Amino acid sequence: PGIPPNYPDWQDNPGIYENTATMTAIVLYEGDHLIEDTGGDLLAGFDDMGNIRGLAIKLYPPFGPYEGTPVYEMQIRGDYNGDLIHFQYYDASEDDIYDVSEDYTFVIDDVFGNVVMPHELNITTTVDLSIDLGEGWNWFSINAESDDMSLNNVLSTLTSLEGDFIKNQTASAEYYSEFGWYGSLENIDITSMYKFDNANSGRLEFTGYPADPLSTPISLMDGWNWIGYIPQNSGNIGEALNTIGDSGIFIKNQTASAEYYSEFGWYGSLDNMHPTDGYMLEVSGESELIYPDFEWGGLTREKESIDLPQTLSAWNVNPHAYEFNGAITLSVENHEDGYGDYIAVFSGNECRGVAEYRDDYPWEGDYGIYILMAYSNRESGDELTFKYYNSEMNEIVDYTEELEFTSDMVVGNGLTPLSLSRIAMPAPEEYSLSDAYPNPFNPITTISISLPIESVVSLSVYNLQGKKIASLVNGEMHAGYHSFIWDADNQSSGVYFVKMIAGEFISTQKLVLIK
């Protein structure tokens, strides 16, 4: 007979890794020891990147409680402690590959299990979903099914309060403390994405049978579609959306987005799609989405928030605080920007989104872009303005470009970004060193200067002994208003002086650091 269609090409590579750990294990299916043996069953271990870290040898102990039944001995390979190892089991009688529930954290020279007391590896036909939901708005989907998909069952592990609210694209429901969930939305559909507003953060836990993406097509209508993610494993966005071809326009989740470029495919801050995430997908014309059945491959989830430098801590944004979002792709015209630079969008003094510099687009170009998600609790009407942070100069620049927020707006793209070019305020009439704010401070303060003409500027901080302890700027600067951040985290409490020199202009100001 030929090779079965699903027979895995698992090859052990002992010479690649320096160290091993030894596992002796039995495999249980729904709690029962797998003792029937057709001769071709396999057990393998994998790392987060999908590399094989061990292929088990099948033993039949001549003694002990597992006498004459299959026990698996595996040399798990690695170079360093801490690698997370996942296991898969091939059942030759079913010609199918199963994920094992248990993982193992690699420890050099570890020995666990033996033929008398083997380690247990479990295969189950159900999956346990665990979704962390923040206080406020959450976008999520469910990729498992059970006999009871009612809201009261699926959301039963949450501590819901009066007024909590859930909706998909066509229906909604509200939580009533005496009655539970009620509204036109009665059941969770695995093909749909849900927006959920809850007063308490919590963890949605649900057990069901894994959904089969190949037998669960999603019908898409022209325009926006709220879609769930059905595969059990994460997948690259281009492969995940392959069946809709060139009809794709734009996709986003709660924090990231990507656009379809006819010559390059999908590109943006959203690289991969993940189980339990909810997505909004815009298409042209009607089409049908059939997800692939992705194998486990160790793709990592995009971060929900950007790791901002401490000096920009006020720019942190909580997406759960807002019901609506929209995507803006920007560039900066009149600064030499680069890695470590950021653009933030504001409504009044409230930061509504932030993006970092990137130039990893798949086309030719020598410019940077910022792919930003803006948030609001109004479907439209909020006036948005922009600030740019230059990391080399440690400078924040205000721009005068304005934009009205509209829910689900898509402004600019990687090829034609919205360009920021109009720096706020006309050129000042004279040199000045403005009062630092805050002052006293701990440990960050902002120091602002004004230049009537392009000038060579020195802005430095000195201690009481006259020793220079920080140089905020030392070089040529264009005319206008400039703000610089001094982070005195590594300085002790006391009095300091900031000194500005620009041509013949010299000004000094006292700063008080209180910790």
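Not measured: the values here are computed from a predicted model.

Can you walk me through the overall build of the protein in this structure?
Check the secondary structure of the protein and you find 2 helices and 43 strands. Dimensions of the protein, computed from the C-alpha atoms along their principal axes, are close to 95 × 55 × 55 Å. Summarising the internal contacts of the protein: among those between residues at least 6 apart in sequence, 70% fall at separations of at least 24. For the protein, the accessible surface area stands at approximately 24,600 Å², while carbon and sulfur atoms represent 46% of it. Across the protein, 19 positive and 83 negative side-chain charges occur, with their mean positions spaced 14 Å apart.

What should I look at first to understand the confidence of the model for the protein in this one?
Detail in the predicted coordinates should be disregarded across regions flagged by low pLDDT. Mean pLDDT over the protein stands at 93; residues scoring 70 or higher make up 97%. Strand 41 (residues 480–487) is the least confidently modelled element of the protein, averaging 86 in pLDDT, while strand 27 (residues 279–283) averages 98, the highest of any element.

So what exactly am I meant to see when it comes to the packing of aromatic side chains here?
Remark: the centre distance and the inter-plane angle together describe each pair of aromatic rings, the angle taken between the planes. Counted under the stated rule, the structure contains 24 aromatic pairs. Ring centres of Phe-264 and Trp-363 lie 5.5 Å apart, and the angle between their planes is 55°; this geometry places the pair in the tilted category. Placement of the pair is Phe-264 in the loop between strand 24 (257–261) and strand 25 (265–268) and Trp-363 in the loop between strand 31 (350–356) and strand 32 (370–376), with a sequence separation of 99 residues. A residue is classified by how much of its surface remains accessible, and Phe-264, at 36% relative accessible area, is partly exposed. Looking at Trp-363, the relative accessible area reads 8%, which means it is buried.

Before we go on, may I ask you to explain unusual backbone geometry in this structure?
What is expected of a backbone is that most residues other than glycine have negative phi and most peptide bonds are trans. Residue Asn-439 is joined to Pro-440 through a cis peptide bond whose omega torsion reads 10°. Within the secondary structure layout, Pro-440 lies in the loop between strand 37 (432–433) and strand 38 (444–451). Between Asn-442 and the following residue, Pro-443, the backbone shows a cis peptide bond with an omega angle of -15°. Note on placement: Pro-443 falls in the loop between strand 37 and strand 38. One non-glycine residue, Asp-95, adopts positive backbone phi at about 50°. Note on Asp-95: relative accessible area 15%, which makes it buried.

I keep staring at the sheet that holds strand 12 (residues 127–133) and nothing clicks. Help me out?
What links the strands of a sheet is backbone hydrogen bonding, and the strands pair in either a parallel or an antiparallel sense. What the 3 strands build is an open sheet, ordered 12-19-14; its pairing is antiparallel. Every interior strand has two partners, whereas the edge strands, strand 12 and strand 14 (144–145), have only one. In this sheet, strand 19 (residues 202–210) lies alongside strand 12 in antiparallel orientation, the contact comprising 7 bridges. Looking at the pairing, Leu-133 lines up with Gly-202 of strand 19.

Which parts of the structure should I look at to understand the nonpolar core?
Side chains of nonpolar character tend, in soluble globular proteins, to be buried together. Grouped together as the largest cluster of nonpolar side chains are 46 residues, with contacts concentrated most on Ile-142, Leu-155, Ile-166, Leu-204 and Ile-251. In this structure Leu-155 touches Phe-140, Ile-166, Trp-181, Phe-196 and Leu-204, once residues within four positions along its chain are discounted.

I tried to follow the sheet that holds strand 15 (residues 165–167) on my own but got confused; where do I start?
In space, the 5 strands of this open sheet follow the order 13-18-15-16-17, with antiparallel pairing throughout. Either end of the sheet is taken by a strand with one partner, and the two such strands are strand 13 (136–140) and strand 17 (180–183). Here the average twist between neighbouring strands, direction ignored, is 20°. Where strand 15 meets strand 16 (residues 172–176), 3 bridges bridge the pair, whose relative direction is antiparallel. Paired with Phe-165 across the strands is Glu-174, a residue of strand 16.

Help me understand the pattern of salt bridges, please; the structure alone is not making it clear to me.
Opposite charge on two side chains makes pairing possible when the charged atoms of those side chains draw close. Following the criterion strictly, the structure yields 11 salt bridges and no others. Between Arg-378 and Asp-382 there is a salt bridge; the shortest N-O distance is 2.8 Å. Under the relative-accessibility criterion, Arg-378 is labelled partly exposed at 45%. Judged by its relative accessible area of 7%, Asp-382 is buried. As a salt-bridge pair, Asp-398 and Lys-387 come within 2.3 Å of each other at their nearest N and O atoms. Here the residue Asp-398 occupies a position in strand 34 (residues 395–406), and Lys-387 occupies one in strand 33 (residues 380–390), the gap between them amounting to 11 residues. Among the charged side chains, a salt-bridge network with shared partners connects Glu-350, Arg-352, Arg-378 and Asp-382.

Any chance you could explain the pairing of strand 41 here in plain terms?
For a regular strand, side-chain orientation follows a simple rule: the groups alternate between the two sheet faces. Of all 8 residues in strand 41, 6 are buried; the element is thus mostly enclosed. As defined by bridge partners, strand 38 adjoins strand 41 across 8 bridges and the pair is classed as antiparallel. Paired with Ser-448 across the two strands is Ser-483, which belongs to strand 41.

What is the right way to read the side chain of Ser-192 from this model?
When you line up the elements, Ser-192 lands in the loop between strand 17 and strand 18 (194–198). Ser-192 sits in the buried class, given a relative accessible area of 8%. Ignoring anything within four residues of it in the chain, the contact list for Ser-192 reads Phe-140, Ser-141, Asn-168, Trp-226, Ile-227 and Gly-228.

In this structure, what is going on with the pairing of strand 39 (residues 455–462)? I would like to understand it.
In terms of residue burial, strand 39 counts as a mostly covered element, since 6 of its 8 residues are buried. Examined bridge by bridge, strand 39 and strand 40 (residues 468–477) share 8 bridges and lie antiparallel to one another. For Val-456, the partnering residue across the bridge sits in strand 40 and is Glu-476. Between the end of strand 39 and the start of strand 40, which pair antiparallel, lie 5 residues, with Gly-466 showing a positive phi angle near 85°. Of the strand pairs in this sheet, strand 39 and strand 42 (residues 494–502) are connected by 6 bridges, and their pairing is antiparallel. Paired with Leu-459 across the strands is Met-500, a residue of strand 42.

Would you explain the environment of Trp-224 in this entry?
In this structure, Trp-224 sits in strand 21 (residues 223–227). Taking the C-alpha atoms as reference, Trp-224 lies 5.6 Å from Leu-281; in sequence the two are 57 residues apart. With residues near it in sequence (within four places) discarded, Trp-224 still touches Gln-169, Phe-250, Lys-252, Met-280, Leu-281, Glu-282, Asp-408 and Val-410.

Conventions adopted
Going along each chain's sequence as written, the residues are numbered from 1 onward. Selection of residues for local features in this predicted model requires a pLDDT of at least 70, selection of side-chain atom pairs for listing and counting requires 80 or more, and totals for whole chains, interfaces and linings are taken over all residues. Side-chain measures here rest on the full set of heavy atoms in the structure, leaving out hydrogens and waters. Helix and strand assignments follow DSSP, with helices taken as H or I runs no shorter than four residues and strands as E runs no shorter than two, numbered in order from the N terminus. Should any heavy atoms of two residues lie within 4.5 Å, those residues are considered in contact. Reported accessibility uses the Shrake-Rupley method at a 1.4 Å probe radius. Residues are deemed covered only where the shown protein chains occlude them. Only four residue types enter the charge count, namely Lys and Arg as positive and Asp and Glu as negative; His and the chain termini do not. Charge positions are represented by NZ for Lys, CZ for Arg, CG for Asp and CD for Glu. Per-residue confidence from the prediction method is given by pLDDT, with values spanning 0 to 100. Note on aromatic pairs: the rings of Phe, Tyr and Trp (six-membered ring only in Trp) are paired at centre separations within 6.5 Å, and the planes decide the class, stacked below 30 degrees, edge-to-face beyond 60, tilted for the rest. Think of it in three bands: with a 1.4 Å probe and only protein chains considered, a residue is buried below 20% of the maximum accessible area for its type, exposed above 50%, and partly exposed in between. Here the rule is simple: two strands pair whenever DSSP picks up at least two bridges between them. Only buried residues count toward a nonpolar core. Its members are Ala, Val, Leu, Ile, Met, Phe, Trp, Tyr and Cys residues joined through side-chain atoms within 4.5 Å. Only C-alpha atoms enter the line fits that serve as axes; for helices the fit covers just the stretch in contact. Angles between N-to-C directions range over 0 to 180 degrees. Only one rule defines a salt bridge in this text: a Lys or Arg side-chain nitrogen within 4 Å of an Asp or Glu carboxyl oxygen.

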